[in-house]
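Coordinate analysis (summary)
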Amino acid sequence: MADRVTNVFIAGVGGQGILLASEILSAAALARGLDVKKSEVHGMAQRGGSVVSHVRFGARVHSPVIAEGEADVLVAFEKMEALRWIHVLKPRGRVVVNAQEIIPSGLDEYPKGLDAKIRGRAPDAVFVDALALAKEAGNVRAVNTVMLGAFAAFLDFSDDEWKRAIQASVPRKTVEMNLAGFALGRKAAAGR
Amino acid sequence: MRVLLSGNEAVARGCYEHGVKVATAYPGTPSTEILENVVRYKDDIYCEWSPNEKVAFEVAIGASFGGVRTITAMKHVGLNVAADPLMTSTLVGGDGGFVIVSADDPGMHSSQNEQDNRYYAKFAKIPLVEPSDSQEVKDHLGTAFEISERFGTPVLFRMSTRLSHAKTPVTLGERVEVPRKEYAKDTSRRVVIPAHARRLHVKVEERLCRLAEYAETTPLNRVEEGEAKVGVISSGIAYQYARDAFPDATFLKLGMSYPFPIELVRRFAARFDRVFVVEENEPFIEDAMRVAGITNVVGKEKVPLCGELNQGIVRSALVGAGAKVTPEAVPPRPPVLCPGCPHRTTFFTLNRLRIGATSDIGCYTLGVMPPLEGLDTCLCMGASIGNALGLEKAIGRDFAKKMVAVLGDSTFVHSGMTGLADVAYNRGATTVIVLDNSTTAMTGHQDHPGTGTTLMGEPTVKLDLIALAKSMGVRHARRVNAYDVAAVRQAVREAVDSPEPSFLVVEGTCVLLERERWGPALVVDHDECVACGLCRRLGCPALSKGEDGKTTINPIFCVGSLCSVCAQVCPKKCIAPPDAARS
């Protein structure tokens, strides 16, 4: 059991750009020459369902999924999804939460008290208002790169590695906007 | 070059590199992306969406008769549809290499059952190849073609959801062209009249013996020495979970698990006090061992039979170690019909008229969710019409007024047409409603014979559903606009009241394909709204109850006047486009 594998679990709601965020993270790891495995839920993602992506990288990765209690980082693009998946986190794992609230179909109002519940299970959880920061970066669709910037603080990739991975993964005309979103997310998380 | 490819992308890349000339499929999660990626190589490979898996299979083996390398891809339940040609293709064999890719769905992420398709290999007496990651998918596919050509047999290539949709590194290679074998008529082999088939069955059994010898020595089956005195046998994606769970164990990795390499396994098992068998779904490997009298096996009495595995489950099942974590209780976030979905009007109408529905498999199956709760049955592709006719025959002709069959346009072409012919032929009064959104929406918008475009992007003839129904003898056949609530209600009433079979095509292109027509969100005039909640009975995710009990419309979700179904059902007429509301 020589080299440790890093496990990043990303959760959110269909349409939030979770798959692109995990694509960028995987690209950064592959460019470094690491073994990478990435697994995502397909199928009904467009219809407002809960969407998750598992990213694992290290010298040698076998399983493409993260088992319960083994994630180093949980990244939640939506508050309720943070709580839904918090059991994947290992003890003292890191949590980054987008403070955005998306009411699930069939519910009239958003449940209360989620922040406290999340903090109860992960006292160091970092909350980021990714939607506001994405607007600041110039496009609400940059939520995913804002969140990427926010959890970049917990991984040891350099700014340059992130930049190259973003450039390789997003449409050319959105590169600047996404880099701006990344920087804002990184700053917001570092400020905590 | 090293790139990250999903297993499905790796199948496609393998088809390209290993000289495949023909690829066929019907879309189905988790297998859909295979053909979607093969079509990137359409200059070298002919690709098609077939009307269903049986046809896909038949086209593929026909191409193999023509001497070229061929694949047909489908999800696990798709192979049930193609089971008829499969079971005899084993007698006939192919000429060009012929591989059947079957993608299982352990955990039923998007399926109606959890069947383990490895049994199809055993049932059909054909070799079974099981890769474990994308690199192996690409490499083993080449080996599968070699096996097919060397032994003259179809090969079953088993994928699964986690393998199909996980991205892992793959080293790309160049395409190797495989020359076409000259076609020669050979009726004694390709025409399975009983006299021929009896002789061919004997040959299949002989072939199986030769394949069994091959399985003992193929590099697809390999021992990976470890330090610990623990032996593990595994295959497919389960191998990866087992490697994580037992980092120090000695492994026998089976890449070809049928015919079963019994001597290899026996020698391996003899080295250990206990051998752990880690396999997803059924005890396919374990049973073969037990039948051969190998008793030091630990398998399904510990490893779960139902659902998907992962390394944590394997570890806690076999080692007794594992994380003890309790998930937090959180409200579910179920998939629902999209905002603006053209299917919504039909389910709302059926709900209002208290008419039940037998269903097929597709987006419209989401009509089962509250508040629409529009479905009574859902069995498999094509079952809705037969189910409705059966109910009518069992309960009485009047029941046809209380139960309609609903299915999509792609599904109707897949296997609904024969059901409609049965209703007409056997004098039913069943109403069949085709929810025609001009695509195969659930799997991500694939074309089919009703759309007018091929997989390779060429314009083609478009199936006329009304003319088809009429040619079957269904006189009451008509179209209605999905977004016209009054017209849909009228049409459904007329259809169920008709003493003859009725065929109703509710037309509305999938709203996800109509993005350029999405308008500004409708708004509710709160002075007029009486909080009756009728609009929310539509189950549209854009509508929610405000604090005063009145409806509010989420402007991010609403698609505007393209839909306007909520505005039509509102008894106070207080939902309107933003401009109209202001004036």
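Preceding this paragraph is the structure being described.
Below you will find a few notes about this structure.

The rules behind the values
- Residues numbered from 1 in each chain as written.
- Chains lettered and ligands numbered in written order.
- Predicted model: local features only at pLDDT ≥ 70, side-chain atom pairs only at ≥ 80, totals over all residues.
- Heavy atoms only, no water.
- Helix = DSSP H or I, 4+ residues; strand = E, 2+ residues; numbered from the N terminus.
- Rg over C-alpha atoms; globule rule 2.2 N^0.38 Å.
- Buried < 20%, exposed > 50% of the residue type's maximum accessible area, 1.4 Å probe, protein only.
- Contact = heavy atoms within 4.5 Å.
- Areas by Shrake-Rupley, 256 points an atom, 1.4 Å probe, with all protein chains shown as cover.
- Lys, Arg positive; Asp, Glu negative; His and termini not counted.
- Charge placed at Lys NZ, Arg CZ, Asp CG, Glu CD.
- Pairing = 2+ DSSP bridges.
- Axes fitted to C-alpha atoms, helices over the stretch in contact; angles between N-to-C directions.
- Buried area = accessible area lost by both parts, 1.4 Å probe.
- Salt bridge = Lys/Arg side-chain N within 4 Å of Asp/Glu carboxyl O.
- Polar contact = N/O pair within 3.5 Å; in protein donor to acceptor, adjacent residues only side chain to side chain.

Scanning chain B from terminus to terminus reveals 21 helices and 24 strands. Taking 583 residues into account, the globule formula puts the C-alpha radius of gyration at 25 Å, and chain B, at 27 Å, falls close to it. Across its three principal axes, chain B shows a C-alpha extent of roughly 80 × 60 × 50 Å. For chain B, buried positions account for 61% of its 583 residues. Here the analysis covers contacts within chain B between residues at least 6 apart in sequence; of these, 75% occur between residues at least 24 apart. By element, 54% of the accessible surface of chain B is carried by carbon and sulfur atoms, the whole surface being about 22900 Å². Taken as two groups, the 65 positive and 68 negative side-chain charges of chain B have centres that lie 3 Å from each other.

Now for the sheet that holds strand E20 (residues 502–507) of chain B. Residue and element names in this part refer to chain B. With parallel pairing, six strands are arranged side by side in an open sheet as E16-E15-E17-E18-E20-E19. Where the open sheet ends on each side, the last strands, each with one partner, are strand E16 (377–378) and strand E19 (476–481). Sitting on the sheet, helix H16 (residues 383–395) is in contact with strand E15 (356–359), E16, strand E17 (403–408) and strand E18 (431–436), with an inclination near 175° to E17. Across the sheet, helix H19 (residues 485–497) touches E17, E18, E19 and E20, and the angle it forms with E19 is around 165°.

Residue and element names in this part refer to chain B. Strand order in the open sheet formed by seven strands is E3-E2-E4-E5-E7-E6-E12, with mixed pairing between adjacent strands. Here the strands that pair on one side only, and so sit at the sheet edges, are strand E3 (46–49) and strand E12 (256–258). Note that strand E2 (residues 22–25) and E3 share four bridges and pair parallel. The residue of E3 that forms the bridge with threonine 24 is glutamate 48. Across the face of the sheet, helix H1 (residues 7–17) comes into contact with strand E4 (70–75), strand E5 (98–104) and strand E7 (155–160) while running at roughly 150° to E7. Across the sheet, helix H3 (residues 53–65) is in contact with E2, E3, E4 and E5; its angle to E4 comes to roughly 165°.

Counting from both sides, the interface comprises 44 residues of chain B and, opposite them, 46 residues of chain A. Across the chain B/chain A interface, buried area totals approximately 4100 Å², and carbon plus sulfur atoms make up 56% of it. Per-residue buried area on chain B facing chain A is highest for Lys167, Glu328 and Arg333 of chain B; these three make up 19% of the total on that side. Across the contact surface, chain B and chain A share seven salt bridges. With its nearest N and O atoms 2.4 Å apart, the salt bridge here joins arginine 315 of chain B to glutamate 70 of chain A. Along the contact surface separating chain B from chain A lie 16 residue pairs in polar contact (both at pLDDT 80 or more). Of all elements in the fold, only strand E1 (2–6), helix H8 (161–165), strand E8 (166–171), helix H11 (236–245) and helix H14 (311–318) of chain B reach the threshold of two or more residues within the side of chain B that touches chain A. With five residues, H11 of chain B is the largest single contributor of residues to the side of chain B that touches chain A.

Take the pattern of salt bridges next. Residue and element names in this part refer to chain B. Summed over the entire model, instances satisfying the criterion amount to 49 salt bridges over all chains. Taking the shortest distance from any N to any O, the salt bridge between glutamate 17 and lysine 138 comes out at 2.9 Å. Linking glutamate 17 in helix H1 with lysine 138 in helix H7 (residues 134–151), this pair joins segments that are 121 residues apart in sequence. For the pair glutamate 17 and lysine 138, a shared accessibility class is recorded, and that class is buried. For arginine 175, the salt bridge identified is with glutamate 177, shortest N-O distance 2.7 Å. Owing to a relative accessible area of 46%, glutamate 177 belongs among the partly exposed residues under this scheme. One network of salt bridges, with partners in common, ties together Asp104, Asp116, Arg118, Glu130, Arg158 and Glu279.

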